[in-house]
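Per-entry structural report
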Amino acid sequence: MSYLDTTIDVYKQAAEKPDVGLCCTTTPVWQLPGLSMPRIMLDMNYGCGSTVNPRDLVNDPTVLYVGVGGGMEVFQFSYFTRKPSGVIGVDVVDEMIEACRTNLLEAEQQNEWFSREYVDIRKGSALDLPVEDESIDVAAQNCLFNIFKADDLKQALQEMYRVLKPHGKLVMSDPVCEQYMSDELRNDDRLRALCLTGSIPLREYIQMITDIGFGTVEIRAKRPYRILSPNHYSTQELIYIESVEVCAIKDPMPADGPCVFTGRTAIYFGNEEYFDDHKGHVLLPNQPLAVCDKTAHNLAALGRDDIFISNSTYFYDGGGCC
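Everything numeric in this text was worked out from a predicted model, so none of it was measured.

Things to note about the overall build of the protein chain
A count of helices and strands for the protein chain gives 9 helices and 13 strands. A compact globule built from 322 residues should have a C-alpha radius of gyration of about 20 Å, and the protein chain, at 21 Å, falls within 12% of that. Structurally, the protein chain occupies a C-alpha span of about 65 × 50 × 35 Å along its principal axes. Per-residue burial over the protein chain gives 54% buried out of 322 residues. The contacts in the protein chain between residues at least 6 apart in sequence include a share of 76% that link residues at least 24 apart. Summed over its atoms, the accessible surface of the protein chain is roughly 14800 Å², and 48% of this surface lies on carbon and sulfur atoms. Looking at charge distribution, the protein chain has the averaged site of its 28 positive side-chain charges lying 1 Å from that of its 47 negative ones.

Have a look at this one:
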């Protein structure tokens, strides 16, 4: 049995018997007028962080969500896309699909604005999405892609890139880990399915995203997720895992490489009216400007004593230089 078969088995069980403790989720429940969340959706909220922000759902987008879980996120997204098949949910586990459809029926009964026709649930794999090319405005997944081994992760990212429209957004939440993990941990299929030992370093995660062709990447947040301790796992030291929230945008790749925002800021404090690097970046005195890592490096290389460049905060909320 492959590691993907183990994953299917884990989430088949989670569909048949909701497991509130399956994921240490930080996914917020949106508080919106008239939105009433069924309790069963909360119990089946198997994520590790936030994905799509309401600001991503402007202009009546078509949204794709891979790994439907109990249906909480596809239901929330439909609040902003009230049209037939405005939200497409894809899952490979039959039992999870059935549970999601049942939960959406309860959501329809609790919410007069909601219709099940807004959400189109399809059987399919993240590695071969049953979705047309360039048909999606916003795609998302929560705590799924970290399960994949390298070749499968590359395939899943390629599939998301394929279905997104130009300038479309891929919004993801996954665990990441900067520490070494033993082969025993890495090869434990169940721990990988539980979103623990498939975690890779953030820099490697970003590199895989940009290698696919995404020209802009935003690190929106990074939060504590789990500890693997020697008391419970095959490790000689405490392993600290974080949850990262990333938005990859299908922008054209700049000639000098992708724009990756990790929460760095530039501040000019010189005596001139402003500083202009003549590359599209204008700094006003003591007005912080969010800059991508590439621009931060280029500004620092100027060696000026009147420009401050902050370290990465791993919190980016838009308004950047590029």
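Considerations on the sheet that holds strand β2 (residues 87–91)
Backbone-to-backbone hydrogen bonds join strands into a sheet, with any given pair of strands oriented parallel or antiparallel. Read from one edge of the open sheet, 8 strands run β3-β2-β1-β4-β5-β7-β6-β8, paired in mixed fashion. On the outer flanks of this sheet lie β3 (119–123) and β8 (259–261), each paired with one strand and no other. If you compare each strand with its neighbour and ignore which way they point, the axes differ by 20° on average. Here strand β5 (residues 164–176) runs beside strand β7 (residues 239–249); their pairing, made up of 8 bridges, is antiparallel. Counted as the bridge partner of Asp174 is Val244 from β7.

About the cut-offs
- Residues numbered from 1 in each chain as written.
- Predicted model: local features only at pLDDT ≥ 70, side-chain atom pairs only at ≥ 80, totals over all residues.
- Heavy atoms only, no water.
- Helix = DSSP H or I, 4+ residues; strand = E, 2+ residues; numbered from the N terminus.
- Rg over C-alpha atoms; globule rule 2.2 N^0.38 Å.
- Buried < 20%, exposed > 50% of the residue type's maximum accessible area, 1.4 Å probe, protein only.
- Contact = heavy atoms within 4.5 Å.
- Areas by Shrake-Rupley, 256 points an atom, 1.4 Å probe, with all protein chains shown as cover.
- Lys, Arg positive; Asp, Glu negative; His and termini not counted.
- Charge placed at Lys NZ, Arg CZ, Asp CG, Glu CD.
- Pairing = 2+ DSSP bridges.
- Axes fitted to C-alpha atoms, helices over the stretch in contact; angles between N-to-C directions.

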